[in-house]
Protein chains: 4
Amino acid sequence: MFSRSTESKPASALQTSRWFNAAEDLTLDDFRGRVVALIAFQMLCPGCVTRSIPVAQRLAQLFEERAFAVLGLHTVFEHHNVMTPAALEVFLAEYRIRFPVGVDMPDPTGAGTPLTMQAYRMRGTPTLVLIDAEGRQRAQHFGAHDELLLGAEIGALLAEQDGTTLSGPEQESHDDSTGCIEDHCEAPVVDESVS
Amino acid sequence: MFSRSTESKPASALQTSRWFNAAEDLTLDDFRGRVVALIAFQMLCPGCVTRSIPVAQRLAQLFEERAFAVLGLHTVFEHHNVMTPAALEVFLAEYRIRFPVGVDMPDPTGAGTPLTMQAYRMRGTPTLVLIDAEGRQRAQHFGAHDELLLGAEIGALLAEQDGTTLSGPEQESHDDSTGCIEDHCEAPVVDESVS
Amino acid sequence: MFSRSTESKPASALQTSRWFNAAEDLTLDDFRGRVVALIAFQMLCPGCVTRSIPVAQRLAQLFEERAFAVLGLHTVFEHHNVMTPAALEVFLAEYRIRFPVGVDMPDPTGAGTPLTMQAYRMRGTPTLVLIDAEGRQRAQHFGAHDELLLGAEIGALLAEQDGTTLSGPEQESHDDSTGCIEDHCEAPVVDESVS
Amino acid sequence: MFSRSTESKPASALQTSRWFNAAEDLTLDDFRGRVVALIAFQMLCPGCVTRSIPVAQRLAQLFEERAFAVLGLHTVFEHHNVMTPAALEVFLAEYRIRFPVGVDMPDPTGAGTPLTMQAYRMRGTPTLVLIDAEGRQRAQHFGAHDELLLGAEIGALLAEQDGTTLSGPEQESHDDSTGCIEDHCEAPVVDESVS
């Protein structure tokens with residue numbers, strides 16, 4: 001997965017017929033300077049709904065303060081008559097999806113696969129594309145995500161972008177219980193003079 | 001979590017009484033040039049056993065080809081009479097833990113908290129410490145991990161270390177089924193002349 | 001949840017406009033002699049899709065050799081224009097749902113809530129109704145299921161129906177590995193003469 | 001799994017060296033009139049700790065108002081020197097296990113497998129034994145549990161015992177939100193005059 005990025009190329013333009021959760025139509029240029037996770041999905045694709053969309057929602061929340069954005073792309077390649085923009089709008093509302101979602105442009109020649117999906121040569125849904133702050137496509141994954149790996153890819157791109165990595169030693173605040181609770185055991189306070 | 005790393009300091013030395021899964025005693029200097037995830041745990045801490053150790057095991061496997069290492073540290077601060085090195089050895093075998101695990105050195109003054117745990121001012125277990133390839137401590141987290149966030153932290157350190165980030169566009173190979181299966185929907189093959 | 005069943009009443013008739021996964025239209029009378037788990041859902045209800053439908057699918061499989069049946073009921077009370085029978089048909093195919101699913105009859109007066117949903121006074125989706133072998137409604141639950149509790153309810157009804165409970169001592173067959181693997185530790189074989 | 005119970009036999013007596021979470025030593029006779037789920041485990045068996053113990057804890061809580069009890073049995077057949085009663089006591093405290101747990105009696109001949117484990121011819125840990133209210137052994141399962149199936153077995157035994165099955169129609173109370181939340185979608189209130 002990780003190798004020197006000598007072969008990256010500009011990410012293909014998004015060809016969309018409309019957008020949801022956006023004030024106006026969006027292009028990748030609007031996100032120059034930000035790392036973009038582009039998630040291609042279909043609203044009736046089980047793996048998209050149960051696995052991929054929840055990860056996309058958590059990404060949008062976890063990195064909302066970074067130079068980062070999650071974009072959805074509804075790449076319908078089957079059952080076009082029921083996965084319409086009107087149905088997608090209900091889906092987005094019911095699943096409380098807040099990030100922008102574009103509708104991939106239908107192929108005017110009548111091919112079932114829409115235009116952006118064709119340009120990226122996606123194999124199906126879900127497909128996750130990572131685009132760096134300079135608009136270059138850096139990764140493309142088909143199928144379910146491993147969260148540790150996906151996090152590592154995004155962390156690398158974020159570090160590359162803003163020169164920001166990790167602060168020095170820190171202590172996260174937790175509740176003040178002592179003993180073992182659900183996810184940890186609290187130690188008795190160490191006498192400062194000892195350490 | 002992410003901020004400019006102007007304040008990082010050398011990671012404190014590991015003070016250990018013995019090691020498991022290692023041919024000889026280890027020090028952090030042995031891992032110079034590699035990013036280290038140091039996981040402090042107790043073998044009878046539920047959050048360590050059910051949440052943290054499994055993540056550590058996956059990290060060790062996922063990044064085994066990178067300049068990266070997972071080290072365990074058995075930081076017993078309570079119930080010392082039953083969480084002995086002999087018991088730890090059985091625990092490591094039963095849970096099939098393969099990465100090196102050191103036993104944190106008991107405090108000679110009789111304080112329950114062992115010496116490395118004191119030096120890092122850990123609040124309890126599990127605690128995860130990230131150390132960069134130059135031996136500087138870059139993060140310390142108490143309690144359960146968010147995999148996306150932890151992955152991002154490690155990805156940033158790995159990128160910083162070896163200048164390696166992400167390759168260009170790729171297509172992961174999956175099984176050849178078409179239609180929707182558990183985690184994805186396969187699209188019909190797009191005619192190359194179209195795309 | 002458990003109390004003496006002195007108040008049970010005949011389950012209300014299913015009022016449906018059409019059926020999927022069935023050769024012909026079904027009624028509850030068709031299932032007399034069998035315990036029925038009736039699962040009311042909407043195809044774009046997240047809790048139904050991610051939690052309730054998977055449990056219904058496992059129930060159908062686990063108890064397929066018992067006097068038991070799972071029936072789905074598509075009780076659309078909102079967004080009728082996109083949760084159409086045509087869309088439901090795609091949903092059932094994509095999610096590989098095999099048990100019969102009826103479409104709850106729209107209210108002719110124009111109320112959004114369909115007729116069977118009204119008759120059962122369901123609060124929303126998912127709702128699970130348990131009907132005994134004599135056609136009496138025995139339980140109705142709104143929201144997510146606890147699998148142990150739901151299993152206990154169904155087990156009680158199955159026992160009541162066919163006089164069948166549990167066999168005597170048995171040993172399930174597992175793989176022949178020894179030692180500890182993912183979900184168990186195998187003991188060395190006990191010398192028969194000892195036990 | 002379910003078949004007519006013509007072959008059940010009295011459950012073998014528990015042979016124990018001591019008990020935890022009990023005021024005095026316990027026998028199966030103490031639980032006559034109650035359905036018993038006997039869970040045999042080892043404190044360093046991963047499958048026991050991560051899968052079986054949590055189910056046992058939930059069973060104890062879910063059915064605490066029924067004629068039902070969960071009993072633990074620490075059946076150490078390996079690594080006896082570290083899975084001692086003293087270590088078990090710490091384990092029970094750290095994992096907050098409240099149900100009674102007996103220590104299976106070591107074999108005086110020096111065989112590693114303890115006496116109750118031998119009497120039940122258990123293959124390893126975890127093993128779950130179901131005993132009915134008349135003290136007959138009704139089921140024995142080795143390995144991980146399917147919650148729906150285990151619930152069904154227990155529900156059948158509970159129904160058999162106290163003649164209690166399920167009440168008539170009920171409506172569980174949930175929060176008053178409308179629309180779709182995490183696990184359900186709330187319908188608008190149906191006008192009573194309509195239904």
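Residues numbered from 1 in each chain as written. Chains lettered and ligands numbered in written order. Predicted model: local features only at pLDDT ≥ 70, side-chain atom pairs only at ≥ 80, totals over all residues. Heavy atoms only, no water.

## Quick word on the overall build of chain A
At step 1: For chain A, the helix and strand inventory stands at 4 helices and 10 strands.
At step 2: When its helices and strands are written in sequence order, chain A yields β-β-β-α-β-α-β-α-β-β-β-α-β-β.
At step 3: Buried positions account for 57% of the 195 residues belonging to chain A.
At step 4: Considering only residue pairs separated by 6 or more positions, chain A has 71% of its internal contacts joining residues 24 or more positions apart. (Helix = DSSP H or I, 4+ residues; strand = E, 2+ residues; numbered from the N terminus. Buried < 20%, exposed > 50% of the residue type's maximum accessible area, 1.4 Å probe, protein only. Contact = heavy atoms within 4.5 Å.)

## Comments concerning the relation of the copies chain B and chain D
At step 1: Superposition record for chain B on chain D: RMSD 0.0 Å, screw rotation 180°, translation along axis 0.0 Å. Here the symmetry operator amounts to a two-fold rotation axis. Distance from the rotation axis, computed per C-alpha, reaches its smallest value in chain B at Thr50(B): 3.1 Å.
At step 2: When the interface residues of chain B are mapped onto chain D, 100% of them again lie at the interface, so the same face is used by both copies. (Least-squares fit on C-alpha atoms with pLDDT ≥ 70 in both.)

## Brief notes about the environment of Thr27(A)
Residues and elements named next belong to chain A.
At step 1: With respect to the element layout, Thr27 can be found in the loop between β2 (16–20) and β3 (35–41).
At step 2: A relative accessible area of 38% means that Thr27 is categorised as partly exposed.
At step 3: As a C-alpha pair, Thr27 and Thr50 span 23 residues in sequence and 27 Å in three-dimensional space.

## Looking at the environment of Glu186(C)
At step 1: Among the residues examined, Glu186(C) registers a relative accessible area of 11% and is labelled buried.
At step 2: Once the C-alpha coordinates of Glu186(C) and Gln118(C) are considered, the two residues, 68 residues apart in sequence, prove to be 53 Å apart.
At step 3: Polar side-chain contacts of Glu186(C) include one of 2.8 Å to the side chain of Arg123(D). (Polar contact = N/O pair within 3.5 Å; in protein donor to acceptor, adjacent residues only side chain to side chain.)

## A closer look at unusual backbone geometry
At step 1: With an omega dihedral of -5°, the bond running from Thr125(A) to Pro126(A) counts as a cis peptide bond.
At step 2: Along the chain, the position of Pro126(A) falls in the loop between β6 (124–125) and β7 (127–131).
At step 3: Within the chain, Asn21(B) stands out as a residue other than glycine whose phi angle is a positive 60°.

## So, the sheet that holds strand β8 (residues 136–142) of chain B
Residue and element names in this part refer to chain B.
At step 1: Pairing is mixed across the open sheet formed by 7 strands, whose spatial order is β1-β8-β7-β3-β4-β5-β2. The open sheet has two edge strands, β1 (9–10) and β2 (16–20), and neither has a second partner.
At step 2: Bridge count between strand β3 (residues 35–41) and strand β7 (residues 127–131): 5 bridges; the pairing is antiparallel. Considered in β7, the bridge of Leu38 is made with Val129. (Pairing = 2+ DSSP bridges.)

## Observations regarding the confidence of the model for chain A
Residue and element names in this part refer to chain A.
At step 1: The predicted model of chain A has a mean per-residue pLDDT of 88, with 84% of residues at 70 or higher.
At step 2: Taken together, the stretch residues 1–6 has pLDDT below 50 and engages in 26 contacts with residues farther than four places along the chain or on a different chain.
At step 3: Within the model, the stretch residues 167–176 combines pLDDT values under 50 with 34 contacts to residues more than four positions away or in other chains.
At step 4: Taken together, the chains of this predicted complex give a pTM of 0.89 and an interface ipTM of 0.86. (pLDDT = per-residue confidence, 0-100.)

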